[in-house]
Amino acid sequence: MRTKYVYLKRVLLFVLIFLVLMGAMAWAFSCHPDHRIYQSIGCFYDEPEDSMQAIYIGSSNCYAFWNPLVAWNNHGLAVYSYSVGSLPFYATEYLIKDLRQTQPDALFIVNINSVEQNDLNSAAIHAVLNYMPDSENKEALMNYLADLIGYSQMDRLQFTHPWMKLREFWPYFVINGIKPEPDGLKGSANYDSYFETYCDVTDAYVHSQHRTELLPEMTACVEHLLDYCDAEDINILFVSVPRAEISEETLGRINSVADMIEDRGYPMLRLTDLNE
C-alpha cells in the first residue's frame, strides 16, 4: 500500500512540475524574438490609464512616418505608435476595442496603407496576439483572422500556444535573452538602420487616381469597422501615407478604401495627395 502511495505521489509531482514548466515556457516564448515588436506592442500595456492623447495604429508605415518622441518634444502630443510590420488592417476594429480598455478618450489614428495586403502575415498576427491580454475580444480576433487564412483547428493552436510557432527561434532566446527591458519610447523606431540609412525616394513615389475592386472580405471589414465607430462614437482619424515603388493596382486598393471612409462621413487624411 505504501509503495502505491509513493508511486502516486511521484506521478502527481511529475505532473505538477511538467505543468509549471509548460506554463513558464508558454509565457517565455510568447515574447516575439524581434525586440522592436515588444517595444511597440507589448510595452503599450504597461502605459498608465488615460495617458495617451492618441494612438497610431497600423503597419510599418506608422513608425516609418511618425516619431512619437518628436511629437512630444516639439508639440506636447502624447501619441503612441501601436504598429508592427504587415499588421493586417482586418485587425483594426478588434485592436481599437482592446486599446480603449485603458485609453478610452484617445484619438485613434488608423493608417489604411495595410489594406494593400491580400495575404495575411501570420508573423504579424503573432506579434499582436502574443502580447494582447486574454479576453473575449482577443479570442474573437484570433478566430476571425484564422478563418480568413483558412486555418484548421490544429493550425489555430499556434495562437493559443505561441511557443509552437516560435520554436525555431529558441536558439535566439538562449543567446539574446527572452524579454528586453521597456525602452519608454512609446513605439518609436530606434533600430540602427532607421537612423543610419538615408536615401531620397521622392521620384519613386507613385500617384494615381485609379480605384481597384476590393475583396469582399475587405469591403465587409471596412463596413463593419465603420458601423462599430458609428455605434460607439469613436474619435477616429484615417490616414494614408506616400509609398515608394508601389503598383497602381495596390494604390488603387488604398484609394477605394479611402473612398468608403469618406462616403461614410469620416475624416480621411490623404497625405499621398499632398505630394502631388
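Before reading on, note that the structure itself is shown above.
In this report, the structure presented in the accompanying data block is examined.

The rules behind these values
- Position numbers for residues start from 1 in each chain and track the written sequence from start to end.
- In view of the model being predicted, local features appear only for residues whose pLDDT reaches at least 70, and side-chain atom pairs are presented and counted only at 80 or more, with totals across whole chains, interfaces and linings using the full set of residues.
- To obtain the side-chain values, all non-hydrogen atoms of the structure were used and water was disregarded.
- Salt bridges, as used here, are contacts in which a Lys or Arg side-chain nitrogen is within 4 Å of a carboxyl oxygen on Asp or Glu.
- Helix numbers and strand numbers start at the N terminus; a helix is a DSSP run of H or I with at least 4 residues, a strand a run of E with at least 2.
- For every residue, the accessible area (1.4 Å probe, protein chains only) is compared with the maximum for its type, and the residue is labelled buried under 20%, exposed over 50%, or partly exposed between those bounds.
- Take the residue count of a helix, subtract one, and multiply by 1.5 Å to get its expected span.
- Throughout, the arc means that of the directions going from the helix axis to the C-beta atoms.
- To pair, rings of Phe, Tyr and Trp, with the six-membered ring standing in for Trp, must have centres within 6.5 Å; the planes then decide the type, stacked if under 30 degrees apart, edge-to-face if over 60, and tilted in the middle.

Examining the pattern of salt bridges
Applying the stated criterion to the full structure yields 9 salt bridges. As a salt-bridge pair, lysine 97 and glutamate 93 come within 3.2 Å of each other at their nearest N and O atoms. Remark: glutamate 93 and lysine 97 occur in helix H5 (residues 92–99); sequence separation between them is 4 residues, near one turn of the helix. On the basis of relative accessibility, which here comes to 27%, the residue lysine 97 falls in the partly exposed class. Across the pair arginine 100 and glutamate 232 runs a salt bridge, and its minimum N-O distance is 3.6 Å.

Focus on helix H11 (residues 216–232)
Taking 1.5 Å per residue as the helical rise, H11 with its 17 residues ought to reach 24 Å, and the 24 Å between its terminal C-alpha atoms agrees with that figure. For H11, the set of buried residues is Met218, Cys221, Val222, Leu225, Leu226, Tyr228 and Cys229. Down the axis of H11, the buried set is contained in an arc of 155°. They therefore lie on one face. Opposite the buried face of H11, by more than 90 degrees, sit the exposed residues Pro216 and Ala231. Aspartate 233 sits one or two positions beyond H11 and adopts a positive phi of about 50°.

Examining the packing of aromatic side chains
Under the definition given, this model contains 8 aromatic pairs. Both rings, one in phenylalanine 44 and one in tyrosine 80, keep their centres 5.3 Å apart while their planes meet at 80°; by these two values the pair is edge-to-face. Remark: tyrosine 80 occurs in strand S2 (residues 79–83) and phenylalanine 44 occurs in the loop between helix H2 (35–40) and strand S1 (54–58); sequence separation between them is 36 residues. Each member of the pair, phenylalanine 44 as well as tyrosine 80, is classed as buried. Between tyrosine 90 and tyrosine 144, the ring centres sit 6.3 Å apart and the planes meet at 75°, which makes this aromatic pair edge-to-face.

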